[in-house]
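Secondary and tertiary structure notes
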Amino acid sequence: MPFRNPEFKIKVGVSSCLLGEKVRWDGGHKRNRTVKNQLGRIFEWVPTCPEVESGMGIPREAVRLMGNVRSPRMVGTESATDWTARMTRYARKRLRELAKLGVCGYIFKSRSPSCGVARIPVTAKNGKTATQGRGLFADLFMRQFSHIPVEDEDRLQDARVRELFITRVFAYHRLAQLLSDRLSQKTLAEFHKAHKYLLMAHSRKHETALAKLIERAHRYSPAQLKTRYTEPFMQAFTYKTTVNKNAAVLNHMFRILKKSLSEAEQHNIVKAIEDYRKKSVPLMKPVTLIKRLARKYKVGSLTGQVYLNYSAQGQFI
Ligand code: SF4
């Protein structure tokens, strides 16, 4: 697996107001420091404000969702102007542009009838309000790009959710790169091999299922393989890593390395894993040690592992 160019930033879509752009209905913004400053160091933003870009203007009448929770209409809160068709037309065009740009993730503004990804109120004809709706633009995005990781800024305040989102975006980006060329059994097997330990750290069940798919790859066409691999691969990264899962992966790698190591080196790795398990050192410590020794002894099955590309900030990139 080639190492990532540190200068290169992956493109991620974002609701414009989260970056501080004054695009809200009242002319304000919703700048979010975690998104703009912290995640902005890692990603290249592709900002979108669906309401402004579909022609609703600034300032504008606020909108809300009405009708059926699965296919609501977007209407003005006072005038009841129906913006649904206009927003849908705009969204289709913008989604084509986002696909061309190659966005690998999206951060939406929470609680918005256009951008919200969950728990958006939808008022039925009888006046009852359900809170399981999605913003119109976010819904179309998530239907069209069902494997692209999405989050909202509220959830991203949680460090664990943030780490997982970053890992998922990087994983999606690597997969998208693989799938942009003609897929063969060989390239997919190599890709899977490089992700083996990262997948195990998230979900052993998914890693096993994907490994079985690779064994049976000769039965499928490239298009079938692409579909069958993508779904469980991206699903695996919705599971969080834990200390126990990481320790199991580290021990697995240690067993592969062991016969090449001196006694002192073996002792250092065992101690680093044990210290990590007791939470007295960060994951970075045993990972860095294993990475260095795998390179020193040229253990090919480990040197190309994405799992060893663990950043000091705490994500697998
Ligand atoms: S939530 Fe979405 S539609 Fe509303 S101002 Fe922000 S980017 Fe625009």
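Here the structure is a predicted model, which is why all the values come from computation and not from measurement.

Of the regular secondary structure elements, the protein chain holds twelve helices and eight strands. When burial is assessed residue by residue, the protein chain has 49% of its 317 residues classed as buried. Taking all contacts inside the protein chain whose residues are at least 6 apart in sequence as the whole, residues at least 24 apart take part in 66%. Accessible surface, the protein chain as shown: approximately 16300 Å² in total, 50% of it carbon and sulfur.

This next bit is on the sheet that holds strand β2 (residues 43-48). The strand order β2-β1-β5-β8 describes an open sheet built from four strands, whose pairing is parallel. Edge strands, defined here as strands with exactly one partner in the open sheet, are β2 and β8 (150-152). This sheet shows a mean twist of 25° between the axes of neighbouring strands, independent of strand direction. Pairing geometry for strand β5 (residues 106-108) and β8, over three bridges, is parallel. When the bridges of β8 are listed, Y106 appears paired with V150. The sheet contacts of helix α3 (residues 84-101) involve β1 (10-15), β2 and β5, and relative to β2 the element is tilted by about 165°.

Before going further, it helps to examine helix α7 (residues 204-215). With twelve residues, α7 should reach 16 Å at 1.5 Å per residue; the first-to-last C-alpha distance of 17 Å fits that figure. Restricting attention to buried positions, one finds in α7 the residues H206, E207, L210, L213 and I214. The arc that holds the buried residues of α7, viewed along the axis, is 120°, so those residues lie on one side. For α7, the exposed residues set more than 90 degrees away from the buried face come down to K205 and E215. Tucked inside the fold, the buried residues of α7 contact α6 (185-202) and α8 (222-236).

To continue, consider the sheet that holds strand β3 (residues 63-66). Pairing within the open sheet is mixed, and its four strands lie in the order β4-β3-β6-β7. If you trace the sheet from one side to the other, it starts and ends with β4 (73-76) and β7 (129-133), each paired once. Taking each pair of neighbouring strands and ignoring which way they run, the sheet shows an average axis angle of 50°. Relative to β7, strand β6 (residues 120-123) runs antiparallel, the two sharing three bridges. Looking at the pairing, I120 lines up with G133 of β7.

Quick look at the site of the ligand now. What surrounds the ligand is a group of 14 residues, the closest being C17, C49, E51, S112 and C115. Here the shell around the ligand is built from residues that sort into five nonpolar, five polar and four charged.

Before going further, it helps to spend a moment on the domain arrangement of the protein chain. According to the domain assignment, the protein chain contains domain 1 (10-157), domain 2 (159-236) and domain 3 (243-308). Using only C-alpha atoms to locate each centre, domain 1 and domain 3 end up separated by 43 Å.

Right, let's talk about the nonpolar core for a bit. Grouped together as the largest cluster of nonpolar side chains are 92 residues, with contacts concentrated most on F43, I107, F141, Y229, F233 and Y307. When residues in this core are grouped by element, the largest group, ten residues, is from helix α5 (residues 159-180). Dropping the residues within four chain positions of it, F43 is found in contact with K9, I10, V12, F165, I166, V169 and F170.

Another aspect to go through is the packing of aromatic side chains. Taken as a whole and judged by the stated rule, the model has 14 aromatic pairs. For the ring pair Y229 and F233, a centre distance of 5.5 Å and an interplane angle of 25° mean the geometry is stacked. Of the two residues, Y229 and F233 are both situated in helix α8; the distance of four residues between them amounts to about one turn of the helix. Judged by its relative accessible area of 1%, Y229 falls in the buried class.

About the thresholds
- Throughout, residues of each chain are indexed from 1 in the direction in which the sequence is written.
- For a predicted model such as this one, the threshold for reporting local features is a pLDDT of at least 70, and the threshold for listing and counting side-chain atom pairs is 80 or more; totals across whole chains, interfaces and linings nevertheless cover every residue.
- Hydrogens and waters are ignored; side-chain quantities use all the structure's heavy atoms.
- The numbering of helices and of strands both runs from the N terminus, where a helix is a DSSP run of H or I of at least 4 residues and a strand a run of E of at least 2.
- Burial classes: relative accessible area under 20% of the type maximum marks a residue as buried, over 50% as exposed, and values in between as partly exposed (1.4 Å probe, protein chains only).
- Contact definition: two residues touch when any of their heavy atoms are within 4.5 Å.
- Under the convention used here, a 1.4 Å probe and the Shrake-Rupley method define accessible areas, while residue burial counts only the protein chains that appear.
- Pairing between two strands is assigned when DSSP locates at least 2 bridges connecting them.
- Axis definition: a line fit to C-alpha positions, over the contact stretch in the case of helices; interaxial angles, taken between N-to-C directions, run 0 to 180 degrees.
- Each residue after the first adds 1.5 Å to the expected span of a helix.
- The directions considered for the arc run from the helix axis to the C-beta atoms.
- Any residue with at least one heavy atom within 4 Å of a molecule or strand is counted as near it.
- Polar here means any residue other than Ala, Val, Leu, Ile, Met, Phe, Trp, Tyr, Cys and Pro, which are nonpolar, and Asp, Glu, Lys and Arg, which are charged; Gly is therefore polar.
- Start and end positions for the domains come from either an automated domain assignment or a database one.
- Within this scheme, the nonpolar core is defined by two criteria: the residues are buried Ala, Val, Leu, Ile, Met, Phe, Trp, Tyr or Cys, and they are joined through side-chain atoms within 4.5 Å.
- Centres within 6.5 Å make a pair out of two Phe, Tyr or Trp rings, where for Trp the six-membered ring is used; the pair is then stacked when the planes are under 30 degrees apart, edge-to-face when over 60, and tilted otherwise.

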